[in-house]
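For reference, the chains in residue letters:
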Amino acid sequence: PSKLLLGRVYLETKNANATIDVIEEAMTFGADPNLTTILLMKAHMLNRDYLKVIDQNHDKLNKKNEIELILLQASALKSLKRFEQSLAKYELALKFNSNNIEVISGLAYFFLQQQELDKVNSLVTQLLSIDPQAARTIHLQGLVFQKENKIEKALYAFEKAYQKDV
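Enquirer: Could you clarify how one ought to interpret the packing of helix α6 (residues 83-96) against helix α7 (residues 101-113) in this entry?
Expert: The angle between the axes and the distance between the axes are what describe a pair of packed helices. Put simply, α6 and α7 touch, their axes get as near as 9 Å, and they point 155 degrees apart. Between α6 and α7, the crossing angle belongs to the class labelled roughly antiparallel. The handedness of the crossing between α6 and α7 comes out as left-handed. Of α7, the residues touching α6 (which contributes Phe 83, Ser 86, Leu 87, Tyr 90, Ala 93 and Leu 94) are Val 103, Ile 104, Gly 106, Leu 107, Phe 110, Phe 111 and Gln 113. Its residues assigned to classes, the contact of α6 with α7 shows 10 nonpolar, 3 polar and no charged.

Following this line, the structure appears as structure tokens:
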């Protein structure tokens, strides 16, 4: 347990290499993959070692961690500009839970990057129906308004998101 806690501290301070060393050591002592895999993959993401994240197997993970790993893999694929594969990972994650805010948000940001604003708007509507007060969703809505050149609406959304987040 102390190795896992130390790994979390290293990850929080963006010390990816130390995180990897500590978590891999914990794994050699038989630490539960549900406690180690996500930490390790986040550290690899920090190091931009995207292929390690993409290649990580998720057979031994519980549903929550499996979804989180799939989202990390989608992000890694997006970073490598493998957009179709990234989209497939987001869609796979949606199959686990179609109302998961993290999954829907990730997909919305994916479509925002692709400039597919109609899809983003649809996902923002879905997110707001799940949690109308979520700062991240309101901020995302502001980004859409900004892209649509609706500056006043964008500023209002950004202010509202900031107030909710503080």
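Structure shown, so let's carry the discussion forward.
Enquirer: What's the story with the layout of surface pockets in this structure? I'm lost.
Expert: Using a probe with the size of a water molecule, rolled over the atoms, empty space left in the structure can be pinpointed. Its boundaries defined by the atoms lining it, the largest pocket holds a volume of some 300 Å³. Taken together, 16 residues make up the lining of the largest pocket; nearest its centre are Leu 11, Ile 38, Leu 39, Lys 42 and Glu 68. Mapped by element, the contributors of at least two residues to the lining of the largest pocket are α1 (2-12), α3 (33-46) and α5 (63-79). Ranked by residues supplied to the lining of the largest pocket, first place goes to α3 with 9 residues. Looking at the lining of the largest pocket, its residues break down into 6 nonpolar, 4 polar and 6 charged. Counted as a void, the second largest pocket has a volume near 260 Å³. For the second largest pocket, the full set of lining residues is Lys 42, Met 45, Glu 68, Leu 71, Leu 72, Ser 75, Lys 78, Tyr 90, Glu 102, Gly 106, Tyr 109 and Arg 136. Looking at the lining of the second largest pocket, the elements with two or more residues in it are α3, α5 and α7. Among the elements that line the lining of the second largest pocket, the one with the most residues is α5, at 5 residues. Class assignment of the residues belonging to the lining of the second largest pocket gives a composition of 5 nonpolar, 2 polar and 5 charged.

Thresholds, definitions, all that
- Residues numbered from 1 in each chain as written.
- Predicted model: local features only at pLDDT ≥ 70, side-chain atom pairs only at ≥ 80, totals over all residues.
- Heavy atoms only, no water.
- Axes fitted to C-alpha atoms, helices over the stretch in contact; angles between N-to-C directions.
- Helix = DSSP H or I, 4+ residues; strand = E, 2+ residues; numbered from the N terminus.
- Parallel < 35°, antiparallel > 145°, perpendicular 65-115°, else oblique.
- Left-handed = near helix turned anticlockwise from the far one by under 90°.
- Contact = heavy atoms within 4.5 Å.
- Nonpolar A, V, L, I, M, F, W, Y, C, P; charged D, E, K, R; others polar.
- 1 Å grid on protein atoms, 1.4 Å probe; cavity = no way out; pocket = protein on both sides within 12 Å on 5 of 7 lines; lining within 4 Å.
- Points joined across faces, edges and corners; volume = space filled by probe spheres on them.

Don't take any of this as a statement about function, it's just geometry.
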